[in-house]
Amino acid sequence: MNRILISIAIMAVTTYLIRMLPMVLCRKKIENQFIQSFLYYVPYAVLAAMTFPDIFTSTRSLASASAGCLAALWLAFKKRGLLIVALGAVITVYLAEWLIGI
Amino acid sequence: MEKRSEFISGLKDGLPICLGYISVSFAFGMLARQSGMPIWTAVLMSMSNVTSAGQFAGLTLILNQGTYLELAMTTLIINLRYSLMSLSLTQKIGEHISTWKRAAISFGVTDELFAVSMQRRATLTPAYFAGVILIPYLGWAAGTFLGAYASNMMSPALSSALGIAIYGMFLAIIIPPCESMKSIRYVLIIAIALSLAFRFLPFLNQITSGWVIIIVTLTASALAALRYPISQEESHE
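What comes next concerns the included structure. (Residues numbered from 1 in each chain as written. Chains lettered and ligands numbered in written order. Predicted model: local features only at pLDDT ≥ 70, side-chain atom pairs only at ≥ 80, totals over all residues. Heavy atoms only, no water.)

## Description of the interface of chain A and chain B
Turning to step 1, where the next piece is worked out: Contact residues are listed per partner, giving 69 residues for chain A and 107 residues for chain B.
Turning to step 2, where the next piece is worked out: Between chain A and chain B, a total of about 8000 Å² is buried, with carbon and sulfur atoms accounting for 72% of that surface.
Turning to step 3, where the next piece is worked out: Taken together, chain A and chain B are joined by two salt bridges.
Turning to step 4, where the next piece is worked out: For the salt bridge of aspartate 54 of chain A with arginine 199 of chain B, the shortest nitrogen-to-oxygen distance reads 2.5 Å. (Contact = heavy atoms within 4.5 Å. Buried area = accessible area lost by both parts, 1.4 Å probe. Salt bridge = Lys/Arg side-chain N within 4 Å of Asp/Glu carboxyl O.)

Shown next as structure tokens:
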């Protein structure tokens, strides 16, 4: 039991320091144009890297995940909000699995 | 008054995050319970870590009798992307925000919170953060508890479908601006190509996913920054 608690504490402290240090230490607006541009692009790069190819294994089958992905892409291109796109993908996956039997 | 409306718009933005969180934390709770961890330790881990990949990896290491050093290193590598996100966020919060508030806000920096808050045009306030963190955080804890408590409460079909929710959200963020902005298309194409390469090419696919995300993010963002440097005004929009 102690081992589990110590492990949880190690994980929590490590994770918190990673999040907290840049936020507390970097207080100024960054003026350097390269770094500014770099930070501007970070969200897009990181989210794209996390979405592909993982989205295709996020459900029980490649087929249903692909259907959900297409639905999400279509809704996103139509500029629908976060909740609609997320729900659209979920419902598509659910229906696809039901229709084609996973 | 303004604080209140900031808080409420945060709550609204937090709702879709919560949706995705419940299915992931439910799965985590189930797995933790099945591997013999007491329910309350699973919930404690969720409430103190608030990180999906990090917790799954940590759980695996705890079960496989990994050393504390291994545990710390793995957590560091998997979660190092958060420091990029925190750094990015510092540019959108006011300079005057106190150290204590920064320390508090940073606890809630996750992939999803980062994604949602970065697409707000306005400066990010602590009240907004409090709102956007609250519901997903509770969902994360509750999902873990429910998953651990009732391992087979959610039907496999439903949990399969909910698995895609988070990615749907990510697409809703990265796709719309790429229609009008060449630079964003460029970032996305590079990031996706690299990410696929690290998954499927021999040798490259040996690298752990935590490193892959860091390498891909650094490369794609740096290349885009070189090719499409943005002017001051654009970045403040």
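## Looking at helix 3 (residues 62-77) of chain A
What sets the pattern is the α-helix's 3.6 residues per turn: residues three or four places apart point alike.
Turning to step 1, where the next piece is worked out: Counted at 1.5 Å a residue, the expected span for helix 3 of chain A with its 16 residues is 22 Å, and the 22 Å between its end C-alpha atoms agrees.
Turning to step 2, where the next piece is worked out: If you check which residues of helix 3 of chain A are buried, you get Ser64, Ala65, Gly68, Cys69, Ala71, Ala72, Leu75 and Ala76 of chain A. Each buried residue of helix 3 of chain A sits inside an arc of 165 degrees when the element is viewed along its axis, so together they form one side. Seen from the open side of helix 3 of chain A, the exposed residues pointing more than 90 degrees away from its buried face are Leu62, Leu70 and Trp74 of chain A.
Turning to step 3, where the next piece is worked out: Contacts from the buried residues of helix 3 of chain A go to helix 4 (82-100) of chain A together with helix 10 (165-174) of chain B.
Turning to step 4, where the next piece is worked out: With its phi angle positive at about 60 degrees, lysine 79 of chain A sits one or two positions after the end of helix 3 of chain A. (Helix = DSSP H or I, 4+ residues; strand = E, 2+ residues; numbered from the N terminus. Expected span 1.5 Å × (residues − 1). Buried < 20%, exposed > 50% of the residue type's maximum accessible area, 1.4 Å probe, protein only. Arc of directions from axis to C-beta.)

## Considerations on the environment of proline 16 of chain B
Turning to step 1, where the next piece is worked out: Take proline 16 of chain B: it is sitting in helix 1 (residues 2-34).
Turning to step 2, where the next piece is worked out: The sequence separation of proline 16 of chain B and valine 116 of chain B amounts to 100 residues, and the corresponding C-alpha distance is 9.5 Å.

## Here's the deal with the packing of helix 2 (residues 33-51) of chain A against helix 5 (residues 81-90) of chain B
For any two helices packed against each other, one specifies the crossing angle of their axes together with the interaxial distance.
Turning to step 1, where the next piece is worked out: The geometry of helix 2 of chain A relative to helix 5 of chain B is characterised by a closest axis approach of 9 Å and an angle of 145 degrees between their N-to-C directions. For the pair helix 2 of chain A and helix 5 of chain B, the sense of crossing is left-handed. From helix 2 of chain A, Phe38, Leu39, Val42, Pro43, Val46 and Met50 of chain A reach across to helix 5 of chain B, where they touch Arg81, Leu84, Met85, Leu87 and Ser88 of chain B.
Turning to step 2, where the next piece is worked out: Of the residues assigned to the contact of helix 2 of chain A with helix 5 of chain B, the class counts are nine nonpolar, one polar and one charged. (Axes fitted to C-alpha atoms, helices over the stretch in contact; angles between N-to-C directions. Left-handed = near helix turned anticlockwise from the far one by under 90°. Nonpolar A, V, L, I, M, F, W, Y, C, P; charged D, E, K, R; others polar.)

## Some remarks on the environment of asparagine 64 of chain B
All names here are of chain B.
Turning to step 1, where the next piece is worked out: In this structure, asparagine 64 sits in the loop between helix 3 (52-63) and helix 4 (68-79).
Turning to step 2, where the next piece is worked out: Among the residues examined, asparagine 64 registers a relative accessible area of 55% and is labelled exposed.
Turning to step 3, where the next piece is worked out: Sequence-wise, asparagine 64 and histidine 96 are 32 residues apart; in three dimensions their C-alpha atoms are separated by 45 Å.

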